[in-house]
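# Inside the fold
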Amino acid sequence: AQSVTQPDIHITVSEGASLELRCNYSYGATPYLFWYVQSPGQGLQLLLKYFSGDTLVQGIKGFEAEFKRSQSSFNLRKPSVHWSDAAEYFCAVLSGYSTLTFGKGTMLLVSP
Amino acid sequence: EAQVTQNPRYLITVTGKKLTVTCSQNMNHEYMSWYRQDPGLGLRQIYYSMNVEVTDKGDVPEGYKVSRKEKRNFPLILESPSPNQTSLYFCASSSGQGFGEQFFGPGTRLTVL
């Protein structure tokens, strides 16, 4: 069965520092992968997605993610974190016809 | 503006009192789904619909019903809510092409006492 693991429940990063959020997936075929962000009290917003081609994908708000098939990973990165990036981040894999299987989320805290 | 709307946004109810959470999208999307979000569990799919009159169970369908009589609407029905259905619920829609972005509603926070 498809699954997504986000090993870090919480991460605290200083403002201006770099960020990497980890995501590992389990999927039999070529995965279609997504990162969503949920700000407090808000719905989910798509940051970026990977379907095929270039393994480094660019998203909104300065985020990028790298697909590594050999490691079954799709880690999210940002070179310099802003306080407004504090939110919960979800990695997901397309597990059926338009069905997403989500990880349990990583809460990002940004310290001044 | 393209959007998914949900109503109500907040609801407190009592065990056994039937309720409906509405979901509507204005993007002419074929695919719609419901998720629930619980702390430490992420989002789990309850039901989905690939088109009008076509619905199917997701990962956690027990205690829920859905209907898809119109393309734009996909209500979630709790016939007899129980406290374990206290959760944050999200409706989502996509073009149904499989690779399309899923657009999420703002969420409905339900408390069952």
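Use the structure listed above.
I will try to describe carefully the structure that is included in this document.

The rules we used
- Residues numbered from 1 in each chain as written.
- Chains lettered and ligands numbered in written order.
- Predicted model: local features only at pLDDT ≥ 70, side-chain atom pairs only at ≥ 80, totals over all residues.
- Heavy atoms only, no water.
- Disulfide = S-S within 2.5 Å.
- Helix = DSSP H or I, 4+ residues; strand = E, 2+ residues; numbered from the N terminus.
- Buried < 20%, exposed > 50% of the residue type's maximum accessible area, 1.4 Å probe, protein only.
- Phe/Tyr/Trp six-rings, centres within 6.5 Å; stacked < 30°, edge-to-face > 60°.

### What to know about the state of the cysteines
Scanning all chains against the criterion turns up 2 disulfides over all chains. A sulfur-sulfur distance of 2.0 Å marks the disulfide that ties cysteine 23 of chain A to cysteine 91 of chain A. Looking down the S-S bond of the cysteine 23 of chain A and cysteine 91 of chain A bridge, the torsion is -65 degrees, so its handedness is left-handed. Of the two residues, cysteine 23 of chain A sits in the loop between β3 (19-21) and β4 (24-26) while cysteine 91 of chain A sits in strand β10 (residues 87-96), which places them 68 residues apart along the sequence. Cysteine 91 of chain A carries the same exposure label as cysteine 23 of chain A, and that label is buried. Here cysteine 23 of chain B connects covalently by a disulfide to cysteine 91 of chain B, the sulfurs 1.8 Å from one another. Judged by the torsion about the S-S bond (-75 degrees), the cysteine 23 of chain B/cysteine 91 of chain B disulfide is left-handed. Of the two residues, cysteine 23 of chain B is situated in strand β3 (residues 19-25) and cysteine 91 of chain B in strand β9 (residues 87-94); the sequence distance between them amounts to 68 residues. Exposure class is identical for cysteine 23 of chain B and cysteine 91 of chain B. Each is buried.

### Structural notes on the packing of aromatic side chains
We describe a pair of aromatic rings using the distance from one ring centre to the other and the angle between the two ring planes. Scanning all chains against the criterion turns up 16 aromatic pairs over all chains. Between tyrosine 32 of chain A and phenylalanine 51 of chain A the ring centres are 5.4 Å apart and the planes differ by 80 degrees, which places this aromatic pair in the edge-to-face class. Highlighted residues: tyrosine 32 of chain A in the loop between β4 and β5 (33-38) and phenylalanine 51 of chain A in the loop between β6 (44-50) and β7 (56-58), separated in sequence by 19 residues. Relative to phenylalanine 102 of chain A, the ring of phenylalanine 90 of chain A lies with its centre 6.3 Å away and its plane at 90 degrees, an arrangement referred to as edge-to-face. Here the residue phenylalanine 90 of chain A occupies a position in strand β10, and phenylalanine 102 of chain A occupies one in strand β11 (residues 99-102), the gap between them amounting to 12 residues. Both residues of the pair, phenylalanine 90 of chain A and phenylalanine 102 of chain A, belong to the buried class. An aromatic cluster of three or more residues is present, and its members are Tyr32, Phe34, Tyr36, Phe51, Phe90 and Phe102 of chain A together with Tyr35, Phe90 and Phe104 of chain B.

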